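Examining the three-dimensional arrangement
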Amino acid sequence: STATVLPGAGGRVALPPFPSGRTCEDPTVSTLHRHSFGDGSPVLALHGVTGHGERWRVLADALPGHRLIGVDLRGHGRSPWTPPWGLEQHVGDLL
């Protein structure tokens, strides 16, 4: 399933639910801030440590025919800052 834009939520999207059998105590885990640039086929771009999704704006200009989606990972940009911030948690947030 694909992410759904929440109307009036300031550019946030609700990610699909965790796979069966997984849970999360943190209610903010399913909401990450995203930046969207261009139109066309979606491309998900992930930043590194201390980054944010806005930095992909320049790349979007070089990819005509694509909609670049730059997500602010947990603990970065405008996404929730609730720990943990490890790679395993980032992957879990994106699934």
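Presented here is an overview of the structure given in this document. (Residues numbered from 1 in each chain as written. Predicted model: local features only at pLDDT ≥ 70, side-chain atom pairs only at ≥ 80, totals over all residues. Heavy atoms only, no water.)

Turning our attention to the pattern of salt bridges. For the coordinates displayed, the defined rule picks out two salt bridges. Between Arg57 and Glu54 there is a salt bridge whose closest N-O contact spans 2.7 Å. (Salt bridge = Lys/Arg side-chain N within 4 Å of Asp/Glu carboxyl O.)

This part takes up the pairing of strand β5 (residues 66-71). Sheet analysis places strand β3 (residues 31-37) next to β5, joined by four bridges and oriented antiparallel. Counterpart to Phe37 in the pairing with β5 is Leu68. Taken together, the six bridges between strand β4 (residues 41-46) and β5 define a ladder with parallel strand orientation. Bridging from a neighbouring strand, Ser41 pairs with His66 of β5. (Pairing = 2+ DSSP bridges. Helix = DSSP H or I, 4+ residues; strand = E, 2+ residues; numbered from the N terminus.)

With that out of the way, let us pick up unusual backbone geometry. Of the consecutive residues Pro83 and Pro84, the connecting peptide bond is found in the cis state with omega at 5°. Residue placement: Pro84 occurs in the loop between β5 and α2 (87-94).

Mapped onto the elements of the fold, Leu63 is located in the loop between α1 (57-61) and β5. It is 9.7 Å that separates the C-alpha atoms of Leu63 and Asp39, two residues lying 24 residues apart in sequence.

Before going further, it helps to examine the side chain of Asp72. Residue placement: Asp72 occurs in the loop between β5 and α2. In this structure, Asp72 is buried with no salt-bridge partner, the nearest side chain bearing the opposite charge being Arg78 at 5.9 Å. Only 3.1 Å separates the side chain of Asp72 from the side chain of His35, close enough to count as a polar contact. Among all residues touching Asp72, those that are not within four sequence positions of it are Leu32, His33, His35, His47, His52, Gly53, Glu54, Gly77, Arg78 and Ser79. (Buried < 20%, exposed > 50% of the residue type's maximum accessible area, 1.4 Å probe, protein only. Lys, Arg positive; Asp, Glu negative; His and termini not counted. Polar contact = N/O pair within 3.5 Å; in protein donor to acceptor, adjacent residues only side chain to side chain. Contact = heavy atoms within 4.5 Å.)

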